[in-house]
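So the chains spell out like this:
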Amino acid sequence: MSTIVELKNVTKVIKGKKIIDDLSFNIQEGEVFGFLGPNGAGKTTTIRMIVGLMRITSGDVVINGSSIQKDFEKAIQHVGAIVENPELYKFLTGRQNLMQYARMIKGITQERIAEVVELVGLTDRINEKVKTYSLGMRQRLGLAQCLLHRPKVLILDEPTNGLDPAGIREIRDYIRRLAREESMAVIVSSHLLAEMEMMCDRIAIIQKGKLTDVQTVRDFVSGSEQVYMIETSNIDAALPLLENKFGVTCKRTEAGIELPLLKEDVPGVIRLLVENEIDIFGVKAVAKSLEDRFLEVTNL
């Protein structure tokens, strides 16, 4: 896969304070790239610099080979984006909104408008005024607007905001299909970590304006010690034994005890508990979620 978006030492300074500190990473065609971080970490600021809504203090963003700093118009023509919330004309219909946006770019036909309307599931309501739309429907219309010119890069800040569970799943599946079938690079920023885990190929974590890590979702989630669940009826006796023997902090749960272990230590745990006449009903590995790992890495 070729690189579509490249951040090169991007820095943003506001009133003498570094808001974004030397960010560098690449985004490939055909992938969904997740952008994660606590509130105030700099995610939206970075997205604003990528799309030219905020000036870069130093560094550069290259989109499909063109520099945002040196050749903004050529670079930005490859981008479709919703930053925070889609801005729409509420007194116009959904179709009139799309026709208005279509005037800005040559070559967008009525057939293309109909195609994106169907793709985002607004065919039945597209001729109604936007002021009658729910928040979720406005998100869909904003997505249609982004896709009119067949961008190579799609940037979505909280794309599932306001959607019900069925709508969230539909948008998620559509985003993945866009990346796969259109070889589009999709950059997604969201607080819904469970959705990001199912949607993204790679993730970047930003904290206090600095890049913490860029990994595939699978590698990131499995990159820590494995957590094991020990099912026992005598938690009070087992917990101090395990903490003293293995030097770990155990977590009491309704079913038993969770503790981080290497796989080769599991037989020793079983042996220790059996020797101390503590009944064991099961030992199983507990899969960590993206949310668990995110909270670990960001110390939240």
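Parameters and conventions
Residues numbered from 1 in each chain as written. Predicted model: local features only at pLDDT ≥ 70, side-chain atom pairs only at ≥ 80, totals over all residues. Heavy atoms only, no water. Core = buried A, V, L, I, M, F, W, Y, C linked by side-chain atoms within 4.5 Å. Buried < 20%, exposed > 50% of the residue type's maximum accessible area, 1.4 Å probe, protein only. Contact = heavy atoms within 4.5 Å. Axes fitted to C-alpha atoms, helices over the stretch in contact; angles between N-to-C directions. Helix = DSSP H or I, 4+ residues; strand = E, 2+ residues; numbered from the N terminus. Parallel < 35°, antiparallel > 145°, perpendicular 65-115°, else oblique. Nonpolar A, V, L, I, M, F, W, Y, C, P; charged D, E, K, R; others polar. Domains from an automatic or database assignment. Pairing = 2+ DSSP bridges. Salt bridge = Lys/Arg side-chain N within 4 Å of Asp/Glu carboxyl O.

Looking at the nonpolar core
So, point 1. The biggest cluster of nonpolar side chains holds 43 residues, and the ones touching the most others in it are V32, L98, L141, L143, L147, L154 and V186.
So, point 2. The residues touching L141, leaving out its near neighbours within four places in the chain, are L88, G94, N97, L98, L122, I126, V130 and Y133.
So, point 3. Listed in part, the 28 residues of the second largest apolar core include I20, A41, I56 and V61.

Here's the deal with the packing of helix α5 (residues 135-147) against helix α6 (residues 165-182)
So, point 1. Following both chains from N to C, one finds α5 and α6 inclined at 10 degrees, their axes separated by 12 Å at the closest point. In terms of their interaxial angle, α5 and α6 are classed as roughly parallel. Listed contacts from α6 to R140, L143 and L147 of α5 are G167, E170, I171, Y174 and L178.
So, point 2. Among the residues forming the contact of α5 with α6, the class breakdown is five nonpolar, one polar and two charged.

A word on the domain arrangement of the chain
So, point 1. Segmenting the chain into domains produces domain 1 (3-217) and domain 2 (223-298).
So, point 2. The straight-line distance from the C-alpha centre of domain 1 to that of domain 2 is 41 Å.

Looking at the sheet that holds strand β6 (residues 79-82)
So, point 1. Ordered by their spatial adjacency, six strands build an open sheet running β6-β7-β8-β3-β9-β10, and the pairing between neighbours is mixed. Among the strands making up the open sheet, the edge pair consists of β6 and β10 (210-216). Across the sheet, the axes of successive neighbouring strands diverge by a mean angle of 15 degrees, strand direction being ignored.
So, point 2. Pairing of strand β7 (residues 153-157) with strand β8 (residues 185-189) involves five bridges; the strand directions are parallel. Looking at the pairing, D157 lines up with S189 of β8.
So, point 3. Where α5 meets the sheet, it contacts β6 and β7, and its direction lies at approximately 165 degrees from that of β6.

Focus: unusual backbone geometry
So, point 1. At N9, a residue that is not glycine, the phi angle is positive and equals roughly 50 degrees.
So, point 2. Along the chain, N9 turns up in strand β1 (residues 3-14).
So, point 3. The phi angle at D22 is positive, at roughly 60 degrees, despite the residue not being glycine.
So, point 4. With respect to the secondary-structure elements, D22 resides in strand β2 (residues 17-28).

Re the pattern of salt bridges
So, point 1. Scanning the entire structure with this criterion turns up 10 salt bridges.
So, point 2. Among the salt bridges present, the one from E115 reaches R150, with a minimum N-O distance of 3.5 Å. Of this pair, E115 sits in helix α4 (residues 110-119) while R150 sits in the loop between α5 and β7; the two residues are 35 residues apart in sequence, bridging distant segments of the chain.
So, point 3. Taking relative accessible area as the criterion, E115 reaches 33% and is therefore assigned partly exposed.
So, point 4. In this structure, the salt-bridge partner of R180 is E181, at a minimum N-O distance of 4.0 Å.
So, point 5. Taking relative accessible area as the criterion, R180 reaches 55% and is therefore assigned exposed.
So, point 6. Exposure remark for E181: the relative accessible area of 52% places this residue in the exposed category.

Some remarks on the sheet that holds strand β12 (residues 251-252)
So, point 1. Here we have four strands laid out as an open sheet, ordered β12-β13-β11-β14, and antiparallel in their pairing. Either end of the sheet is taken by a strand with one partner, and the two such strands are β12 and β14 (282-286).
So, point 2. Bridge count for strand β11 (residues 226-231) against strand β13 (residues 256-261) is six bridges, and the pairing is antiparallel. Bridge pairing in β13 places Y228 opposite L259.
So, point 3. Sheet contacts for helix α10 (residues 266-275): β11, β13 and β14; angle to β11, the most-contacted strand, approximately 25 degrees.

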